[in-house]
Every structure is written in C-alpha cells, then in structure tokens.
Amino acid sequence: MKVTVVGAGAVGASCAEYIAIKNFASEVVLVDIKEGFAEGKAMDLMQTASLNGFDTKITGVTGDYSKTAGSDICVITSGIPRKPGMTREELIGINAGIVKSVSSSLIEQSPNTIIIVVSNPMDTMTYLVHKTTGLPKNRIIGMGGALDSARFKYRLAEALGAPISDVDGMVIGGHSDKGMVPLTRLATRNSVPVTEFISEERLNEVKEATKVGGATLTGLLGTSAWYAPGAAVSGLVQAIACDQKKIFPCSTLLDGEYGLSDLCIGVPVVLGRNGIESIVDITLNDAEKEHMQASAEGVRATNGLLEL
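Conventions used here
Residues numbered from 1 in each chain as written. Predicted model: local features only at pLDDT ≥ 70, side-chain atom pairs only at ≥ 80, totals over all residues. Heavy atoms only, no water. Helix = DSSP H or I, 4+ residues; strand = E, 2+ residues; numbered from the N terminus. Rg over C-alpha atoms; globule rule 2.2 N^0.38 Å. Buried < 20%, exposed > 50% of the residue type's maximum accessible area, 1.4 Å probe, protein only. Contact = heavy atoms within 4.5 Å. Areas by Shrake-Rupley, 256 points an atom, 1.4 Å probe, with all protein chains shown as cover. Core = buried A, V, L, I, M, F, W, Y, C linked by side-chain atoms within 4.5 Å. Expected span 1.5 Å × (residues − 1). Pairing = 2+ DSSP bridges.

Student: Where do I start with the overall build of the protein in this structure?
Tutor: Along its length, the protein carries 10 helices and 14 strands. A compact globule built from 308 residues should have a C-alpha radius of gyration of about 19 Å, and the protein, at 18 Å, falls within 12% of that. Taken over 308 residues, the protein has a buried fraction of 53%. Considering only residue pairs separated by 6 or more positions, the protein has 70% of its internal contacts joining residues 24 or more positions apart. When the accessible area of the protein is evaluated, it comes to approximately 13,000 Å², of which 51% is carbon and sulfur surface.

This is the structure we're talking about:
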C-alpha cells in the first residue's frame with residue numbers, strides 16, 4: 001500500500017506521521033515545492049521509526065511526481081493555511097490553482113488512485129477535483145466531516161465530564177464555521193442520548209463551540225491546526241487501505257441524496273477499498289434539514305467563485 005501526501009507542512013507531516021505509526025502502509029511519499037523541505041521532514045520522521053516501532057518507509061521529494069507513481073491513495077494538503085480572522089472561503093483564489101495542478105499531476109502518475117482533499121475551502125476544493133479530473137465520485141473524498149466530528153466529540157466529552165471513548169456524535173454539512181451541522185439530537189454517551197445528561201442550553205454551547213473549532217485554534221496558534229487534521233486523514237486512509245467499511249462523515253458529490261445534487265458536502269459514507277462504498281442517507285428532522293439546506297447554499301456560493 002503506497003500513500004502520497006502532497007504538502008509537507010504541519011498538516012501534511014502529521015498525516016504522514018500518523019499513517020506511518022499505524023503501520024498499515026508500505027510507503028508514504030511526501031511531496032512539497034520547497035527545496036529539501038519534504039526530504040527533511042521525511043528524514044526526521046524516519047528517525048522516529050525505531051522509537052515508535054513502525055516499518056513504513058517515508059520518502060520526501062521536491063516537486064517530482066514521478067516518485068508518487070503507483071500510489072493507491074493520495075492526500076492533498078497543499079495550499080496556504082488560514083491566518084487569524086481569515087475564513088476558509090477567502091483561501092479559494094490561491095488554493096484552487098494549487099489543487100487543480102496537484103490533482104492533475106497525481107492522476108498522471110497514479111490513474112487508479114483515490115484522492116483525499118484537505119485543502120480549504122475543502123468542500124469547494126473537493127468539487128473542483130471532481131470537475132477537473134474526471135475520476136469517478138467514489139474516488140474523490142473531502143476530509144472535513146471526520147475532523148469536525150472529532151472536535152464535536154471532544155466538546156461533548158468536555159461538557160459531559162466523560163471519557164471521550166464513551167462519546168459518539170457526528171457533524172454533517174459544509175466544512176465551514178457557519179455551514180457545519182452538528183447532529184446533537186443523535187449524539188450519545190455509551191448509547192444513551194446525551195440529552196439525558198446535559199441541558200439543551202449546554203448542548204447548544206457544545207454545538208456552537210464545535211462550529212468555530214477551527215477558528216478558535218487558528219486564533220490560539222496563529223495558523224491552522226495540524227494534529228487533529230492529520231489524525232482525521234489517517235483514519236480515512238486506514239479505513240480505505242484496510243477495507244474497514246467504517247462510517248465517516250466526508251465531503252462527497254451528491255446526486256439526489258439529502259435532496260441535494262451537483263455539490264460536495266459532508267454526509268456519512270462507508271469507506272472501504274473502493275473509496276466511498278456507499279452514502280448513508282439518514283433521516284433528518286425539519287430543523288436539521290433546514291440547516292443542511294442553508295449549509296448547501298453556502299457551499300454553492302463558494303463554488304460559484306471557482307473558474308472552471
């Protein structure tokens with residue numbers, strides 16, 4: 001199993017690290033445009049192999065996509081990160097050109113690959129890859145919902161005073177501060193609805209804290225987060241590589257599901273060896289449907305800024 005990660009910055013390096021540590025891939029290739037940067041990150045990570053007990057080979061290259069040939073899964077993290085006060089949507093002008101070029105180079109070397117998009121605005125970048133590559137929709141996946149759901153569970157566990165392993169919850173909708181739809185109604189603690197433990201007011205606080213989770217970290221760190229995004233990507237990659245049939249909320253191209261078409265947005269999907277094996281069309285209540293429609297309108301507005 002060969003995995004390529006484009007962009008050797010904090011997010012890309014975290015992706016490579018978590019994938020390597022899980023020891024299911026034979027090789028991870030890190031690609032970056034900055035001379036020697038990916039090579040240095042790869043060397044640093046390989047020097048942890050004996051300490052962390054993994055045998056995955058990590059290779060770094062500067063702009064040489066021939067080294068990515070035969071990749072089963074490719075992850076695109078490249079692009080400029082968010083700065084404090086910047087929305088994900090404001091990144092579109094620069095990152096669209098980067099993602100379009102990178103995806104073309106990857107597919108040229110690995111025509112059968114599955115692409116996972118991390119670059120922001122993530123739903124729109126995922127849609128761009130669909131529109132410009134011609135890959136079947138099951139092989140193009142946006143990461144956002146997996147990360148947003150992890151942040152939701154963190155906030156739920158915090159509010160409940162519970163171990164996070166006891167908590168389950170999901171975020172669908174757009175990967176943006178206004179577009180996320182945390183499904184508080186379906187959130188549970190060890191199969192018991194969380195409404196049995198905390199008030200509606202506290203649950204709304206959890207919901208709002210989840211929606212601004214990325215912006216909160218950007219304000220604290222001065223740039224985008226990287227540990228949780230890297231872990232989210234590694235979870236998706238492992239589910240595909242190991243044919244786990246796990247359900248993750250991911251950005252995928254919809255064709256009538258949830259009453260939406262011709263856009264990529266976060267919904268629960270089953271991930272396996274073929275990428276997106278199926279879309280899970282769960283029943284939403286009226287309020288959730290309304291939020292999902294509003295989220296979709298926001299994603300469409302951002303898609304309208306693309307030059308296809």
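Student: It is not clear to me how the nonpolar core should be interpreted in this structure. Could you clarify?
Tutor: A general tendency of soluble globular proteins is for nonpolar side chains to be buried together. Membership of the largest hydrophobic core comes to 52 residues, with the highest contact counts inside it found for Ile116, Val237 and Leu271. For this core, the leading source of residues is helix α9 (residues 227–241), giving 7 residues. Among all residues touching Ile116, those that are not within four sequence positions of it are Ile73, Cys74, Val75, Ile76, Ile141, Met143, Leu236, Val237 and Ile240. With 24 residues, the next largest nonpolar core counts Val31, Tyr65, Leu106 and Ile107 among its residues.

Student: Explain helix α4 (residues 92–109) here, please?
Tutor: Each full turn of the α-helix corresponds to 3.6 residues, which orients residues three or four apart in the same direction. Between its first and last C-alpha atoms α4 spans 26 Å; for 18 residues at 1.5 Å apiece the expected length is 26 Å, and the two agree. Inspection of α4 places Ile92, Asn95, Ala96, Val99, Val102, Ser103, Ser105, Leu106 and Ile107 among the buried residues, and these make up the whole buried set. Looking at the packing, one finds that the buried side of α4 touches β1 (2–6), β4 (73–76), β5 (114–117), α5 (122–133) and α10 (286–303).

Student: What is the right way to look at the pairing of strand β13 (residues 261–272) in this model?
Tutor: Working note: regular strand, side chains alternate between the two faces of the sheet. Counting buried positions over the 12 residues of β13 gives 10, a clear majority of the element. Pairing of β13 with strand β14 (residues 275–279) involves 4 bridges; the strand directions are antiparallel. Each bridged residue has a counterpart across the sheet, and for Val270 the counterpart in β14 is Ser278. What sits between β13 and β14 in their antiparallel hairpin is a turn of 2 residues.

Student: What is the right way to read the sheet that holds strand β11 (residues 192–193) from this model?
Tutor: Adjacent strands of a sheet pair through backbone hydrogen bonds, lying either parallel or antiparallel. Spatially, β7-β10-β11 is the arrangement adopted by the 3 strands of the open sheet, whose pairing is antiparallel. Both edges of this open sheet fall to β7 (167–168) and β11, since each of them pairs with a single strand only. Here strand β10 (residues 188–189) pairs with β11 via 2 bridges, running antiparallel. Looking at the pairing, Arg189 lines up with Val192 of β11.

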